[in-house]
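# Remarks on the overall topology
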Amino acid sequence: MNLSIKHHYLVMGLVLLCFALSPKQAMAEGIAWDDLNEQQQQTLSGIKDRWNELPPHRQEKLSKGAEKWANMPPEQRERTKENITRFKNLSPEDKALVKEHMHKFRQLPAEKRKALRERWNNMSPEQKEKFKSRIRNMSPEQRQELREKIKERKMERTQ
């Protein structure tokens, strides 16, 4: 093999190596704890000992969440803490239901999610509390009935 062909293969090999070490590839290897900023490390300090055992996609999600947490206003942090505590106290069935609803919400088109958020934000505190109370005080049977009514409405709208 002559020198120019060897040189060509060497260059091609280096180019392929650069593609192999792209940011996506680096992400597949995870995020080093020391690469997190100080606020992220502080927020995630409870899992520092397990950090390297987490899958790379989980490390990415947690690092972004910690960044978001650091930028939240104090009132929003407090509400979030309350929501997390409330979620932890739910039954396994209710947790699954909440996760299902969140998944469905995330699957909605952006304009539909925005409309629902606006509808909620336009409700008075009394209306919000009345709604929350109504849902909280429902029996499992009443919740199932509500789910069925919602499905019926969706079916009517699509016809």
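Residues numbered from 1 in each chain as written. Predicted model: local features only at pLDDT ≥ 70, side-chain atom pairs only at ≥ 80, totals over all residues. Heavy atoms only, no water.

## Quick word on the side chain of R143
Note that R143 resides in helix α9 (residues 140-158). Of note is the side chain of R143, whose polar atom sits 3.2 Å from the backbone oxygen of I135. (Helix = DSSP H or I, 4+ residues; strand = E, 2+ residues; numbered from the N terminus. Polar contact = N/O pair within 3.5 Å; in protein donor to acceptor, adjacent residues only side chain to side chain.)

## Here we look at the packing of aromatic side chains
Taken as a whole, this structure holds two aromatic pairs when the rule is applied. Taking the centre distance of 5.6 Å and the plane angle of 70 degrees together, the rings of W33 and W51 count as edge-to-face. Highlighted residues: W33 in the loop between α2 (23-28) and α3 (38-43) and W51 in the loop between α3 and α4 (56-70), separated in sequence by 18 residues. W51 matches W33 in its accessibility class, with the two residues each being buried. Geometrically, the ring pair formed by W120 and F131 is edge-to-face, given 6.0 Å between the ring centres and 70 degrees between the ring planes. Linking W120 in helix α7 (residues 110-121) with F131 in helix α8 (residues 125-136), this pair joins segments that are 11 residues apart in sequence. Using a relative accessible area of 30% as the deciding quantity, one classes W120 as partly exposed. The class of F131 is partly exposed, set by a relative accessible area of 38%. (Phe/Tyr/Trp six-rings, centres within 6.5 Å; stacked < 30°, edge-to-face > 60°. Buried < 20%, exposed > 50% of the residue type's maximum accessible area, 1.4 Å probe, protein only.)

## Some remarks on the environment of Q42
Among the secondary structure elements, Q42 is positioned in helix α3. Given the relative accessible area of 60%, Q42 is considered exposed.

## Observations concerning the confidence of the model for the chain
Chain-level pLDDT for the chain is 81 on average; 82% of the residues reach the 70-or-more range. Averaged pLDDT values for the elements of the chain fall to 46 in helix α1 (residues 3-20) and rise to 91 in α4. When the criterion is pLDDT under 50, residues 13-27 qualifies, and its contacts beyond four places in sequence or with other chains add up to three contacts. (pLDDT = per-residue confidence, 0-100. Contact = heavy atoms within 4.5 Å.)

## Points about a positive patch on the surface
Judged by side-chain charge, K112, R119, K130, R134, K149, K151, R153, K154 and R157 come together as a positively charged surface patch. Put simply, the parts of the chain that give the positive patch at least two residues each are α7, α8 and α9. Ranked by the residues each element gives to the positive patch, the list is headed by α9, at five residues. Note on placement: K130 falls in helix α8. (Patch = residues over 30% accessible without salt bridge, like charges linked within 9 Å, V, L, I, M, F, W, Y side chains within 5 Å. Areas by Shrake-Rupley, 256 points an atom, 1.4 Å probe, with all protein chains shown as cover. Salt bridge = Lys/Arg side-chain N within 4 Å of Asp/Glu carboxyl O. Lys, Arg positive; Asp, Glu negative; His and termini not counted. Charge placed at Lys NZ, Arg CZ, Asp CG, Glu CD.)

## Considering the side chain of S63
Within the secondary structure, S63 is located in helix α4. For S63, a relative accessible area of 6% translates into the label buried.

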